[in-house]
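# Topology and contacts: notes
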Amino acid sequence: MKSGIANRLLWSWRPESPREANDAIVKNMWLHWFPSKVAKRSISFSYSFWLGTISAVLFVILSITGLILMFHYTPSMERAYTSMKDIDFVTSYGWFLRGVHRVAAQLMVVSVFLHMMRVFYTGAYKKSPGCMGNRPSNWIVGILLLMLTLALSYTGYLLPMDQLAYWAMIIGANVAASVPFVGEQIKMALIGGTIIDQNALLRFYVLHCFLLPIFMFLLMAYHMWRIRKDGGLACVDQISLRHGNGVASPVSTKTYSLLGITSGMDIRAQTLSQIEEKDLIPSSPNLVRRIWLVSLGTMVITILLAIYIQFPLEAPADPTMAPNPAKAPWYFLWLQELIADTTFTILGMTVNGAFLGGIVVPSILLALLIVVPYLDRTPTSNCGVWFPRERLTQNIIFTVMVLLVITLICVGAFCRGPSWVFYWPWEQWPVLPVNF
């Protein structure tokens, strides 16, 4: 079918010719994001695992379910908890919407982190020979997207205003207050005062529902545009290197201008290294079909997990009754464990673990991730290759850091009991009186 309003708004799934496949990309409102042809390797599941697309789909799911939940949630200290209860037990399918939103938030943290790992292990943050783009800058944008993902998940974690949310907010505020000289000012700006009350809830609500999603959307759009400008995924550079380095030879042509006919080069003069036609396939229907399948698979898994995993609320927030132990969200447990491990006394002086483990160490790790494309001196010819031998040292160091973070999360989740005392998972926690 080549006509009709529906066909113009959607896309052609079975183009009858390469020309029709190209037209389906160029003329369609949605598909013009993609080039008319893509490299076969770039759409394979074994190279990227489609983690970027999965993350984008989860963000769309979060946006849709979050918009619906906004109509039923009341951002006030008095009614936030009861409105969440109403969503679970009164609103039709409210429990399902909240479950999908909660599961998608957890999965997005995991998928974005795995996406960062994939980019690092393939060295896709490096500017390879013949690449006229700027992959290092897109790596930095990806790190910012990871930070925004964590911030979005954390601010949403606090909105139910149960005991879990309230004391997680207390932990975050205390870490912010540990910054020398300006810590108290940062804490007051974060929570809107000296205590957790209506100002704090409104700040996190606005951040979660308005400011952070806008920044996330803009950075995601730039991230995808930057991939397009860089010539696609880094595996495309390997195809170019296989056929020979360098920029395509200039092609003489005529240019028609207001001043007459002039000689020059056509647009092919500044393309990337040559990629043979056999390495390319039409985006429609090949790329479109895989995006559709990945999107469907992501939605199905999210829905199934939301049905079978329950997220019950704890007791309403009570400033006078601190849970023991009070734990941060699982993706920040490594920071909480690091804070506990870096709090010690030496020569009668107590080292502030909240500053050392909660501010200094994470800042150093973040700075290293940002500058790694400029510190990595391995051959750029390995860009887009999984685990090349020349990058063995970098991959080992990165893997050790990842395993250390995972270990700290597991210790904080399963081995820390009352008063943050270490217990093996099979040991019984002592029964302590509730702290008032």
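### A few points about the overall build of the chain
Looking only at helices and strands, the chain features 15 helices and 6 strands. Long-range contacts, defined as pairs at least 24 residues apart, comprise 73% of the intrachain contacts of the chain with a sequence gap of at least 6. In the structure as shown, the chain presents an accessible area of about 24100 Å², 70% of it carried by carbon and sulfur atoms.

### Structural notes on the nonpolar core
If you look at the biggest cluster of nonpolar residues, it comprises 41 residues, and the most contacted ones within it are Met 108, Met 116, Phe 120, Trp 139, Met 216 and Phe 398. Broken down by secondary-structure element, the contributors of at least two residues to this core are α4 (51-70), α6 (94-121), α7 (135-157), α10 (198-229), α11 (235-242), α14 (353-375) and α15 (392-414). The dominant element in this core, judged by the number of residues it contributes, is α6, at 11 residues. Counting residues in each nonpolar core, the second largest holds 29 residues, with Tyr 73, Tyr 154, Phe 204 and Tyr 205 among its members.

### As for the packing of aromatic side chains
Aromatic ring pairs: the centre-centre distance and the angle between the two ring planes describe each pair. Applying the stated criterion across every chain, the model contains 20 aromatic pairs. When the centroid spacing of 5.4 Å and the interplanar angle of 80° are considered together, the rings of Trp 330 and Tyr 331 count as edge-to-face. Judged by centre distance (5.0 Å) and plane angle (85°), the rings of Phe 422 and Trp 424 are edge-to-face. Classification of Trp 424 by relative accessible area gives partly exposed; the value is 44%. Directly above the ring of Phe 120 sits Arg 391, whose terminal nitrogen or CZ lies 5.2 Å from the centroid.

### Re the pattern of salt bridges
On inspection of all chains with the given rule, the structure shows 6 salt bridges. One salt bridge connects Arg 226 with Asp 230, and the closest N-O pair in it is separated by 3.2 Å. You can call Arg 226 buried: its relative accessible area is 13%. The salt bridge involving Arg 416 is made with Asp 341; its shortest N-O contact spans 3.4 Å. Placement of the pair is Arg 416 in the segment after α15 and Asp 341 in helix α13 (residues 333-341), with a sequence separation of 75 residues. With a relative accessible area of 39%, Asp 341 lands in the partly exposed category. In this structure, a network of salt bridges that share partners links the residues Lys 126, Asp 376 and Arg 391.

### Quick word on the packing of α7 against α10
Between α7 and α10, the shortest axis-to-axis distance is 9 Å and the interhelical angle comes to 160°. Of the possible angle classes, the one that applies to α7 and α10 is roughly antiparallel. Where α7 crosses over α10, the two elements pack in a sense that is left-handed. When grouped by side-chain class, the residues that make up the contact of α7 with α10 number 17 nonpolar, 8 polar and 1 charged.

### A few points about the side chain of Arg 391
Summarising the element assignment, Arg 391 is placed in the loop between α14 and α15. If we skip the residues at most four places from it in the chain, Arg 391 touches Phe 120, Tyr 121, Gly 123, Tyr 125, Asp 376 and Thr 378.

### With respect to the environment of Pro 319
Within the secondary structure, Pro 319 is located in the loop between α12 (283-308) and α13. The class of Pro 319 is exposed, set by a relative accessible area of 51%. Between the C-alpha atoms of Pro 319 and Trp 167, which are 152 residues apart in sequence, the distance is 8.3 Å. Each residue touching Pro 319, except ones within four places of it in the same chain, is listed here: Tyr 166 and Trp 167.

### Topic: α10
Side chains that are three or four residues apart share a direction in an α-helix, a result of its 3.6 residues per turn. Along its 32 residues, α10 runs 45 Å from first to last C-alpha, staying within 8% of the 46 Å computed at 1.5 Å per residue. The set of residues buried in α10 consists of Ala 200, Leu 201, Phe 204, Tyr 205, His 208, Leu 212, Met 216, Met 220, His 223 and Arg 226. Buried-residue contacts for α10 involve α4, α5 (80-89), α6, α7, α8 (163-177) and α9 (183-191). A positive backbone phi angle near 95° is found at Gly 231, which sits one or two residues after α10.

### Points about the side chain of Gln 336
Position of Gln 336 relative to the elements: it lies in helix α13. Residues contacting Gln 336, with those up to four places away along its chain left out, are Ile 171, Ala 326, Lys 327, Ala 328 and Trp 420.

Rules and cut-offs
Residues numbered from 1 in each chain as written. Predicted model: local features only at pLDDT ≥ 70, side-chain atom pairs only at ≥ 80, totals over all residues. Heavy atoms only, no water. Helix = DSSP H or I, 4+ residues; strand = E, 2+ residues; numbered from the N terminus. Contact = heavy atoms within 4.5 Å. Areas by Shrake-Rupley, 256 points an atom, 1.4 Å probe, with all protein chains shown as cover. Core = buried A, V, L, I, M, F, W, Y, C linked by side-chain atoms within 4.5 Å. Buried < 20%, exposed > 50% of the residue type's maximum accessible area, 1.4 Å probe, protein only. Phe/Tyr/Trp six-rings, centres within 6.5 Å; stacked < 30°, edge-to-face > 60°. Lys NZ or Arg CZ within 6 Å of the ring centre and 35° of its normal. Salt bridge = Lys/Arg side-chain N within 4 Å of Asp/Glu carboxyl O. Axes fitted to C-alpha atoms, helices over the stretch in contact; angles between N-to-C directions. Parallel < 35°, antiparallel > 145°, perpendicular 65-115°, else oblique. Left-handed = near helix turned anticlockwise from the far one by under 90°. Nonpolar A, V, L, I, M, F, W, Y, C, P; charged D, E, K, R; others polar. Expected span 1.5 Å × (residues − 1).

Everything listed here is a matter of geometry and, on its own, says nothing about what the molecule does.
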